[in-house]
Amino acid sequence: MSIIPQIDFGKTLSYWPRHNEAIYRRLESKHAWLEEVRPPDEAESVDPLDNQMVLNMGPQHPATHGVLRCAIQLDGETIEKCVLDIGYLHRGLEKLAESKTYQEFMPYTDRMDYLAPYSNNVAWCLAVEKLAAVEVPERAQWIRMIMSELARISSHLLWMGVALMDAGAVSVFLWTFQFREDLYSIFDEVAGARLTVSHSRIGGLVTDLGGTGIKLIEDFVEHFPAAVVEWEKLLNRNRIWIDRVEGIGVLTPEEAIEFGMTGANLRGSGVGHDIRRFEPYLKYDEVDFTIPTRTEGDALARYFVRMEEMKEAIKIIRQCLDRLPEGEIRSDDAKRSYPGKDEVYYSMEGLIHDFMYTDTGVCPPKGAEVYHAIESPKGELGFYLQSDGTGRPCRARINSPSFSNLQGLENMLEGGTMGDMVVMIGTVDPVLGEADK
Amino acid sequence: MPSEQQPTQPKTLPFLFTPVVSSDESAERENPHVKSTTIVPDVVSGLKERFGEAVRAASVYAGEHTVLIARDRLVEVCTYLKDELGFNFLSDLGGIDRFTDEERYEIFYNLVSIENEQRLRVKIRIDESDLEAPTLTDVFRAADWNERECYDMFGIRFVGHPDLRRMYMPEDFEYHPLRKEFPLLGIPGSLPLPPQSPEAGLTMDPFPAAHGSKPVKSFDEEPGEDLSEIRSEMPSERPDDK
Amino acid sequence: MESDAFNQGYLTTRVDVVVNWARSNSLMPMPMGLACCAIEMMAFASPKYDVARFGSEAMRFSPRQADLMIVAGWVSYKMAHAIRRVWDQMADPKWVIAMGACASSGGMHRCYGVVQGCDNFLPVDVYIPGCPPRPEAVIHALMDIQEKIRNEYSIARDGAVGEKHRSIEPVRPKIITPDGDAAITPDRLYGQK
């Protein structure tokens, strides 16, 4: 029984009639494995409680973590089919990148995954550095690592607060935001901005990590693990939380790989794929850390993986602080990175370099193409860049982890129940700004 | 002007910038960011042996191997890569507009073998007159959304794709934004805004419409025509001048 | 005069002032959280900045229960219709804050998918600069909205039936009136000199 002929999309919806019709058509034509599983005699019997319903959730919904739109077909309480619609935040970053120099594009990466902007900056810079073969000084690499790991904690903290709020525990949101504020103070001190840091530069960093910054980070590293232990005391054996998430949204390792899931969602399913190990960037091959993996593949496993990742991040930061060398923070090659401000203000050549770098920027050889990925808090965040010999990329492709994860989520939701939908979206942890590019 | 009078470029200037680097100077230098996973000469030579002419070209930059495959053999090659060589994870897929006369579009596939720790880039090329590519959704289910995105951005149709809709832009949008000829600011009037009052229709173009101008419909059209209409509607003299 | 009245157990004021006082101190924001600004909007509700001091901590995700929409983040053309629909469902009186450069003017996202300012389809009351604005700036914008509400006339306008309206000078509650009790007189209220 089709609902599409009953709706006049042109009249009911003044906007995007063809788009909405396409979504509902897809919802009907989609193959649902649940319909096959259901025994035939049950399908014929008329149960008053068993009714089919098509429901639209989003794009403005508090539990969709942004502007995700889900069109779902329900059979009673069970989700039979699900069609996700994204693109409500699409602004064409890949198109914008083609008209910006490599350095100019960096503030846009802040606004992709806005829970961990520093990771995005680092990902972009590393991709450009690989394209143009720019060497980065040691100290800059260590500082980038510290800040990326802080960004990972910040992202996981927000995930934790919001996911638990979705499950009904509001107080966790307030606790995690205390520590997020501490992290913001660190970013504020180090980079000069709370959220959109833009601190990394091609070939290094814009400013050095000063004494105050290091003090703040040390304080944070000292106090944070105790808080994690407190939260784990409350949550790990909490009946309400465990019952809410255990066995929800199970992905087998094969499924997770097939759907292209990345990050904690992949590792929660027992696949220990982490870019920090797979293709070590920065100094990750020199520090000691483990990659937490769980084999259950459900929402609870993803929760445990993220909690463990926060602890591992602290471990990495401690090692980085111990081994932080003295030295330059930016490449000395003026054609490949910005000169320091001292040089710009007091020397003519420095000023010219600064001007030329802003105007033209780094020019990788014509036809060069690279792909560089990092392990962002959400998963594999990669940039594929193609150069045409000028200072602007010919093609910049963003491989965003949230996009891949949402694709898996669409399949994960089918067969779950309506009440668990929010938990599943929460534990997959999508960021729509990144998925929509 | 005689050329002798022009100042000669001092060659010792160390900060001389050239916008186009013609030599492969930086490619020859050792790239500090090379990853061991992307160096897969064995896979490339294996593909060449097995598929022969279907492997049209192979290139390396910064330690990354890229294989250009004939479009018709893509599914075959990818099935072989997945089943025999363990490239079971499709990390990324995307289109490229090369803006050339022949074989204008390119699609790259970023394949990862998690067990063998390898990464390989496979490419196909598509001519503008025949915008069709074979779908990979039968091999990798992860290709589904990425192919939809590629269709949305470049208008490349994936033959056999189960659900070829636009990924980001609404279906009512008619253009493919990542093509090089598409202007960054979009086509005026192609995306409507909500009505300004309950009775009114959709606002197709808020600012120019409010000012009475008609945007140019195509690049071939002379912009002067519309401007002359607006000028004729304007009063010829300002009242203050009298 | 007023202190005498207060001692006798009653207090005189205008209905407008009472209504505006109540409205301005119990704004229920509808967080139209779209992008990065939404994260700062969360921080604005979180313990450090604590918007509960201004009576607006009750974020209402249902448009029927909200009277202040905070558009936080860039607005794409695709999303604009949904935002307008939510706005149309909100009950009057209602206000809009365009939070951040993107919502105010399109900001850095000068591109085909983004509406260049949500004032193209929403009646914005307060714009906040910044990308994203700090929570302090959002609190300031909220105070601006409160200020705006305190200067609104709803009852007084209805009282002057049959008379042609002249524009009335804004009258503020006593706390912020510079010229004391004299500020609140019928003459000034109804614009008769």
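Residues numbered from 1 in each chain as written. Chains lettered and ligands numbered in written order. Predicted model: local features only at pLDDT ≥ 70, side-chain atom pairs only at ≥ 80, totals over all residues.

A separate point is the overall build of chain A. The secondary structure content of chain A amounts to 20 helices and 8 strands. By the compact-globule yardstick of 22 Å for 437 residues, chain A fits well, its C-alpha radius of gyration being 24 Å. Taking the principal axes of its C-alpha atoms as reference, chain A extends roughly 85 × 50 × 35 Å. Scored against the burial criterion, the 437 residues of chain A give a buried share of 56%. Sequence-distant contacts in chain A: of pairs separated by 6 or more residues, those separated by 24 or more amount to 70%. (Helix = DSSP H or I, 4+ residues; strand = E, 2+ residues; numbered from the N terminus. Rg over C-alpha atoms; globule rule 2.2 N^0.38 Å. Buried ≥ 20, exposed ≤ 12 C-beta atoms within 10 Å, placed from the backbone. Contact = placed C-beta atoms within 7 Å.)

Our next topic: helix H3 (residues 74-83) of chain B. Residues and elements named next belong to chain B. Restricting attention to buried positions, one finds in H3 the residues Leu74, Val77, Cys78 and Leu81. Within H3, the buried residues cover an arc of 95 degrees as seen down the axis, which keeps them to one side. As for H3, its buried residues are in contact with helix H2 (41-51), strand E2 (64-69), strand E4 (105-113), strand E5 (118-126) and strand E6 (132-134). (Arc of directions from axis to C-beta.)

Next up on the list: the sheet that holds strand E7 (residues 379-387) of chain A. Residue and element names in this part refer to chain A. As summarised here, the arrangement of the 3 strands in space is E6-E7-E8, forming an open sheet in which the pairing is antiparallel. Of all the strands in the sheet, the pair left with one neighbour each is strand E6 (369-376) and strand E8 (393-399). Pairwise comparison of adjacent strand axes, ignoring direction, gives a mean angle of 15 degrees for this sheet. Pairing of E6 with E7 involves 8 bridges; the strand directions are antiparallel. Residue pairing in the sheet places Glu375 in a bridge with Glu380 of E7. Here helix H7 (residues 117-132) sits on the sheet in contact with E6 and E7, set at roughly 155 degrees to E6. The sheet strands contacting helix H18 (residues 401-413) are E6 and E7, and the helix crosses E7 at an angle near 125 degrees. (Pairing = 2+ DSSP bridges. Axes fitted to C-alpha atoms, helices over the stretch in contact; angles between N-to-C directions.)

For the rest of this paragraph, the subject is the sheet that holds strand E1 (residues 29-33) of chain C. Residue and element names in this part refer to chain C. The strand order across the open sheet formed by 4 strands is E1-E2-E3-E4, and the pairing between neighbours is parallel. The two strands at the open ends of the sheet, each matched to only one other strand, are E1 and strand E4 (126-128). Across the sheet, the axes of successive neighbouring strands diverge by a mean angle of 15 degrees, strand direction being ignored. Where strand E2 (residues 68-72) and strand E3 (residues 95-99) come together, 5 bridges link them in parallel fashion. Pairing of Met69 across the sheet is with Val96, part of E3.

What follows covers the interface of chain A and chain C. Contacts between the two partners involve 27 residues from chain A and, on the opposite side, 27 residues from chain C. Elements with a contribution of two residues or more to the side of chain A that touches chain C: helix H5 (93-97), helix H6 (106-110) and helix H9 (170-191) of chain A. Per-element accounting of the side of chain A that touches chain C gives the leading share, 4 residues, to H9(A). Residue composition of the side of chain A that touches chain C, by class: 15 nonpolar, 7 polar and 5 charged. (Nonpolar A, V, L, I, M, F, W, Y, C, P; charged D, E, K, R; others polar.)

Within the largest apolar cluster, 226 residues are counted, with the highest numbers of intra-cluster contacts made by Val71(C), Val75(C), Ile97(C) and Met99(C). Considering each element in turn, this core owes the most residues, 16 residues, to helix H8 (residues 138-166) of chain A. Setting aside residues up to four positions removed in sequence, Val75(C) forms contacts with Leu34(C), Ala80(C), Ile83(C), Ala103(C), Val114(C), Val115(C) and Cys118(C). (Core = buried A, V, L, I, M, F, W, Y, C linked by C-beta atoms within 7 Å.)

Moving on to the interface of chain B and chain A. Taken together, the 45 residues of chain B in the interface contact 57 residues of chain A. Residue assignment for the side of chain B that touches chain A shows that the elements contributing at least two residues are helix H1 (25-28), strand E3 (89-97) and helix H4 (143-154) of chain B. Considering each element in turn, the side of chain B that touches chain A owes the most residues, 6 residues, to E3(B). Along the lines of polarity and charge, the residues of the side of chain B that touches chain A split into 24 nonpolar, 8 polar and 13 charged.

Time to look at the confidence of the model for chain B. Residue and element names in this part refer to chain B. When pLDDT is averaged along chain B, the result is 78, and 72% of the positions lie at 70 or above. A low-confidence stretch, residues 230-242 (pLDDT under 50), is modelled with 2 contacts involving residues beyond four sequence positions or located in other chains. The ipTM assigned to the predicted complex is 0.87, against a pTM of 0.84. (pLDDT = per-residue confidence, 0-100.)

Looking at the secondary structure, you find Pro188(B) in the loop between strand E7 (157-159) and helix H5 (206-210). A residue is classified by how many C-beta atoms lie within 10 Å of it, and Pro188(B), with 18 of them, is partly exposed.

This part covers the environment of Gly73(C). Residue and element names in this part refer to chain C. Along the chain, Gly73 turns up in the loop between E2 and helix H4 (77-89). Along the sequence, Gly73 and Met41 sit 32 residues apart, while their C-alpha atoms lie 10 Å from each other. Setting aside its immediate chain neighbours within four residues, Gly73 contacts Gly33, Leu34, Ala35, Cys36, Cys37, Ala38, Gly100, Cys102 and Ala103.

Within the element layout of this structure, His33(B) appears in the loop between H1 and H2. For the pair His33(B) and Gly63(B), spaced 30 residues apart in the sequence, the C-alpha separation amounts to 9.0 Å.

Another point: unusual backbone geometry. Cis geometry marks the peptide bond from Asp92(C) to Pro93(C), where omega comes out at -10 degrees. Checked against the element boundaries, Pro93(C) lands in the loop between H4 and E3. A cis amide bond links Cys131(C) with the next residue in sequence, Pro132(C), at an omega value of -10 degrees. Along the chain, Pro132(C) turns up in the loop between E4 and helix H6 (135-150). In this structure, Asp429(A) is a non-glycine residue whose phi angle is positive, near 60 degrees. Its 27 C-beta neighbours within 10 Å are what place Asp429(A) among the buried residues. Within the chain, Glu103(B) stands out as a residue other than glycine whose phi angle is a positive 50 degrees. With respect to the helices and strands, the residue Glu103(B) is situated in the loop between E3 and E4.

A few words now on the pairing of E4(B). Note on strand geometry: in a regular strand, side chains alternate between the two faces of the sheet. Residue and element names in this part refer to chain B. Counting buried positions along E4 gives 8 out of 9 residues, so the element sits mostly inside the fold. In the sheet, E3 pairs with E4 via 8 bridges, with the strands oriented antiparallel. When the bridges of E4 are listed, Phe89 appears paired with Val112. Counted between consecutive antiparallel strands, the loop separating E4 from E5 contains 4 residues, among which Glu117 sits at a positive phi close to 55 degrees.

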